[in-house]
Amino acid sequence: QVQLVESGGGLVQTGGSLRLPCAASGGTFSGYAMAWFRQAPGKEREFVAGISWNGGMTYYADSVKGRFTISRDNAENTVYLQMTSLRPEDTAVFFCAAGQFLSDDEGRYEYWGQGTQVTVPS
């Protein structure tokens, strides 16, 4: 069983940056692919970024490509989402997820964090 805890959310002005860490415990972190999803007001939850178990492969939604970077530190059991050039449409609750395979399908992820709010006012 894996527990995931996101943090680092907050209010950031347009064009600003924010880094979200997700700390994992209760399992073998290095054996899991990790991903970030987000859910904006009035919208469905959507894939943001994913990273393979060893960090060798990353995958980004086109809406964040070039602005967001996902990374992981297996020694610290933590995955990060570095967000830059933030825009109001990035406003959402961001969720961390863990699964056996890197995918943009939320159904492929077994474990989920509680979410952290990111707000970018217009």
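Residues numbered from 1 in each chain as written. Predicted model: local features only at pLDDT ≥ 70, side-chain atom pairs only at ≥ 80, totals over all residues. Heavy atoms only, no water.

Counting buried residues along strand β8 (residues 78–83), five of its six residues qualify, which places the element largely inside the surrounding structure. When strand β7 (residues 68–73) meets β8, the two strands line up antiparallel, connected through six bridges. Across the sheet, R72 pairs through a bridge with V79, a residue of β8. From the end of β7 to the start of β8, which pair antiparallel, there are four residues, and N77 there has a positive phi angle of about 55 degrees. (Buried < 20%, exposed > 50% of the residue type's maximum accessible area, 1.4 Å probe, protein only. Helix = DSSP H or I, 4+ residues; strand = E, 2+ residues; numbered from the N terminus. Pairing = 2+ DSSP bridges.)

Right, let's talk about the pattern of salt bridges for a bit. Here the structure, examined in full by the defined rule, presents five salt bridges. A salt bridge links D90 to R38, with the nearest nitrogen and oxygen atoms 2.9 Å apart. With D90 in the loop between β8 and β9 (92–99) and R38 in strand β4 (residues 33–39), this residue pair connects regions lying 52 residues apart in the sequence. Accessibility assignment for this pair places D90 and R38 in one class, buried. Between E106 and R45 there is a salt bridge; the shortest N-O distance is 2.7 Å. Of this pair, E106 sits in the loop between β9 and β10 (109–112) while R45 sits in the loop between β4 and β5 (46–51), placing them 61 residues apart in sequence. With a relative accessible area of 32%, E106 lands in the partly exposed category. The class for R45 is partly exposed, based on a relative accessible area of 28%. The network of salt bridges with shared partners includes R38, E46, R67 and D90. (Salt bridge = Lys/Arg side-chain N within 4 Å of Asp/Glu carboxyl O.)

This part takes up the sheet that holds strand β1 (residues 3–6). The pairing of strands in a sheet comes from backbone hydrogen bonds and takes either a parallel or an antiparallel form. As summarised here, the arrangement of the four strands in space is β1-β3-β8-β7, forming an open sheet in which the pairing is antiparallel. Of all strands in the sheet, those with a lone pairing partner are β1 and β7, marking the two edges. Ignoring strand direction, the axes of neighbouring strands in this sheet form an average angle of 15 degrees. Both β1 and strand β3 (residues 18–25) contribute to a ladder of four bridges, which runs antiparallel. When the bridges of β3 are listed, Q3 appears paired with S25. (Axes fitted to C-alpha atoms, helices over the stretch in contact; angles between N-to-C directions.)

Our focus in this paragraph is the side chain of T116. Its location among the elements puts T116 in strand β11 (residues 116–119). For T116, a relative accessible area of 11% translates into the label buried. Within polar-contact distance, the side chain of T116 engages the backbone nitrogen of G9 at 3.2 Å. (Polar contact = N/O pair within 3.5 Å; in protein donor to acceptor, adjacent residues only side chain to side chain.)

Looking now at the side chain of T91. Mapped onto the secondary structure, T91 falls in the loop between β8 and β9. By relative accessible area, T91 is classed as buried at 15%. At a separation of 3.0 Å, a polar atom in the side chain of T91 contacts the main-chain carbonyl oxygen of P88. From its side chain, T91 meets the backbone nitrogen of V120 in a polar contact 2.8 Å long. Residues within four places of T91 in sequence aside, it is in contact with A40, P41, Q117, V118, T119 and V120. (Contact = heavy atoms within 4.5 Å.)

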